[in-house]
Amino acid sequence: MDLVQFETDTFTQLNQLLNRGEHTSVWVLMDENTEALCFPVLEKALKLTTGIKKIVLPAGEQYKNIDSCQLIWQTLLNGKADRKALLLNLGGGVIGDMGGFCAATYKRGIDFIQIPTTLLAQVDASVGGKLGVDFGGIKNAIGSFHDPLMTFIHSGFLKTLPERELRSGFAEVIKHCLIADAGYWNLIREVKTLNDPKIDWNDIIAHSVSLKSKIVEQDPKEMGLRKILNFGHTIGHAVESMSWETDNPLLHGEAVAFGMICEAFLSKRMLNLTEAALLDITDYISTVYPYWKFEKFSIDRFFELLWNDKKNNGKIQFSLLNEIGYCSYNTEVFENLILDSLRFYDSIYGK
Ligand SMILES: NC(=O)c1ccc[n+]([C@@H]2O[C@H](COP(=O)([O-])OP(=O)(O)OC[C@H]3O[C@@H](n4cnc5c(N)ncnc54)[C@H](O)[C@@H]3O)[C@@H](O)[C@H]2O)c1
Ligand SMILES: [Zn+2]
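The structure presented is a predicted model; accordingly, all values stated were derived computationally and were not measured.

**Describing the overall build of the protein**
Here is step 1 of the chain: Assigned secondary structure in the protein consists of 14 helices and ten strands.
Here is step 2 of the chain: In terms of overall dimensions, the protein has a C-alpha envelope of 60 × 45 × 40 Å along the principal axes.
Here is step 3 of the chain: For the protein, the proportion of its 351 residues judged to be buried stands at 53%.
Here is step 4 of the chain: Restricting the contact set of the protein to residue pairs at least 6 apart, pairs at least 24 apart contribute 78%.
Here is step 5 of the chain: For the protein, the computed accessible surface area is about 16000 Å², with 51% contributed by carbon and sulfur atoms.

**Points about the side chain of Glu254**
Here is step 1 of the chain: Here Glu254 shows up in helix α11 (residues 252–271).
Here is step 2 of the chain: Setting aside chain neighbours within four positions, we find Glu254 in contact with Arg164, Ser168 and Tyr289.

**Digging into the coordination of the zinc ion (ligand 2)**
Here is step 1 of the chain: The coordination sphere of the zinc ion (ligand 2), as far as protein atoms go, consists of Glu172 (OE), His233 (NE2) and His252 (NE2), spread over 2.0 to 2.1 Å.
Here is step 2 of the chain: Within one chain, the residues donating to the zinc ion (ligand 2) are spaced in sequence as E-x60-H-x18-H. In this pair, Glu172 is assigned in helix α7 (residues 163–180) and His233 in helix α10 (residues 233–244), connecting sequence segments 61 residues apart.
Here is step 3 of the chain: Overall, His233 belongs to the buried group, its relative accessible area being 5%.

**Quick notes on the packing of α10 against helix α13 (residues 299–308)**
Here is step 1 of the chain: Here α10 crosses α13 at 125°, and the two axes come no closer than 9 Å. In terms of orientation, α10 and α13 fall into the oblique class. Two packed elements cross with a definite hand, and for α10 against α13 that hand is right-handed. Facing α10, whose interface residues are Thr234, Ile235, Ala238, Val239, Ser241 and Met242, α13 presents Arg301, Phe302, Leu305 and Leu306.
Here is step 2 of the chain: For the contact of α10 with α13, the residue count by class is seven nonpolar, two polar and one charged.

**Quick look at the site of ligand 1**
Here is step 1 of the chain: Ligand 1 sits among 25 residues. The nearest are Asp31, Glu61, Thr117, Thr118 and Thr160.
Here is step 2 of the chain: Lys64 places a side-chain nitrogen or oxygen 2.7 Å from an oxygen atom of ligand 1.
Here is step 3 of the chain: A distance of 2.8 Å separates an oxygen atom of ligand 1 from a polar atom in the backbone of Gly93.
Here is step 4 of the chain: Coverage of ligand 1 by the protein chains reaches 89% of its 870 Å² of free accessible surface.
Here is step 5 of the chain: For the shell around ligand 1, the elements supplying multiple residues, two or more each, are α2 (32–37), α5 (93–105), α6 (119–125) and β7 (138–145).
Here is step 6 of the chain: Looking at the shell around ligand 1 residue by residue, the classes come out as eight nonpolar, eight polar and nine charged.

**Points about the domain arrangement of the protein**
Here is step 1 of the chain: Examined at the domain level, the protein breaks down into domain 1 (4–160) and domain 2 (163–348).
Here is step 2 of the chain: Each of domain 1 and domain 2 was reduced to a C-alpha centroid, and the two centroids are 27 Å apart.
Here is step 3 of the chain: On the domain 2 side, the residues contacting the 15 residues of domain 1 number 24 residues.
Here is step 4 of the chain: Here domain 1 packs against domain 2, burying approximately 1800 Å² in sum over the two surfaces, 71% of which is carbon and sulfur.
Here is step 5 of the chain: Counting the contacts that link domain 1 with domain 2 gives three salt bridges.

Cut-offs used in this document
Residues numbered from 1 in each chain as written. Chains lettered and ligands numbered in written order. Predicted model: local features only at pLDDT ≥ 70, side-chain atom pairs only at ≥ 80, totals over all residues. Heavy atoms only, no water. Helix = DSSP H or I, 4+ residues; strand = E, 2+ residues; numbered from the N terminus. Buried < 20%, exposed > 50% of the residue type's maximum accessible area, 1.4 Å probe, protein only. Contact = heavy atoms within 4.5 Å. Areas by Shrake-Rupley, 256 points an atom, 1.4 Å probe, with all protein chains shown as cover. Donors = N, O, S within 2.8 Å, 3.2 Å for Na, K, Ca; no water. Axes fitted to C-alpha atoms, helices over the stretch in contact; angles between N-to-C directions. Parallel < 35°, antiparallel > 145°, perpendicular 65-115°, else oblique. Left-handed = near helix turned anticlockwise from the far one by under 90°. Nonpolar A, V, L, I, M, F, W, Y, C, P; charged D, E, K, R; others polar. Near = heavy atom within 4 Å. Polar contact = N/O pair within 3.5 Å; in protein donor to acceptor, adjacent residues only side chain to side chain. Domains from an automatic or database assignment. Buried area = accessible area lost by both parts, 1.4 Å probe. Salt bridge = Lys/Arg side-chain N within 4 Å of Asp/Glu carboxyl O.

Here it is in structure tokens:
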């Protein structure tokens with residue numbers, strides 16, 4: 001059985017799993033938004049004989065930290081959760097990464113189930129076993145690899161997700177196509193507005209999940225191939241961090257979209273991606289994602305962030321496209337060309 005299952009409104013498979021009676025208690029971790037918008041759906045569908053205990057945190061990346069973990073561990077301890085307890089993580093990537101990490105470490109590890117409720121979490125964060133929290137100002141500085149018992153994806157949760165969040169998650173869908181599936185890229189390019197009711201989210205999510213799973217299976221600990229999933233993320237992460245220092249912070253996927261434009265340019269310069277492919281990519285991304293302007297851009301800060309990226313060992317390395325649907329990793333790029341790619345980003349938006 002695949003680790004990731006798609007669920008309808010009735011959550012039949014999750015119900016079956018819970019009613020096997022293998023767990024002494026069932027806990028649901030969520031943030032305030034998913035408690036209000038997603039928990040009622042789940043509660044209605046679950047036919048549990050024993051009660052579910054809730055752990056609710058404030059929403060947001062700023063709560064993905066050790067203080068929140070302490071609260072989760074303490075609540076489990078106070079509630080006498082033993083090693084046969086089960087934690088359901090109902091939320092976006094923040095809840096999934098942090099809840100998974102708490103479960104993987106509580107009493108040396110209890111079972112947990114991921115129920116991702118954002119597009120980003122459904123197509124990306126819930127696949128691949130990476131768990132963790134931010135620490136010392138560094139994203140995901142503390143964490144582990146650990147697989148959930150199962151992941152249940154219900155695309156119906158996306159109905160309440162703000163369009164901006166949907167667009168952010170969609171950047172990872174675009175990335176998956178660009179690095180590994182040119183055929184699906186041609187389909188995805190037809191999506192112009194993300195709240196279009198005609199979009200078949202189940203198909204899109206299933207495609208991303210299967211593609212990412214295949215890559216992760218071949219290289220679970222990111223020794224090589226898995227690095228292709230970082231396309232758009234080297235510049236994307238630096239831009240994301242810089243945006244947090246302004247009044248106009250970007251969501252993760254928005255920063256990745258920015259990064260993909262720059263890194264497509266680098267792909268042309270370093271790996272001979274064709275001009276036509278570059279235009280295809282940048283036309284589409286700039287249609288879906290609005291321009292983001294640096295407030296007081298600091299070159300020093302930008303390169304400090306690039307050099308600090310944990311994936312760099314003495315070089316600034318990129319995962320770049322050979323062509324649409326094919327990606328290579330570990331291409332070193334020098335600072336001058338990286339700066340050119342930022343200028344290219346501006347030029348795409350006519351700035
Ligand atoms: N483990 C991995 O491989 C991996 C991969 C990518 C990202 N991540 C992590 O994921 C996190 C980002 O995930 P995210 O974008 O899901 O952020 P998030 O969990 O903060 O969710 C975004 C916002 O949407 C709200 N929300 C969630 N589901 C909703 C719904 N159905 N309806 C309405 N609102 C809803 C949340 O309350 C939150 O305000 C980051 O911490 C990132 O590091 C992890
Ligand atoms: Zn990402």
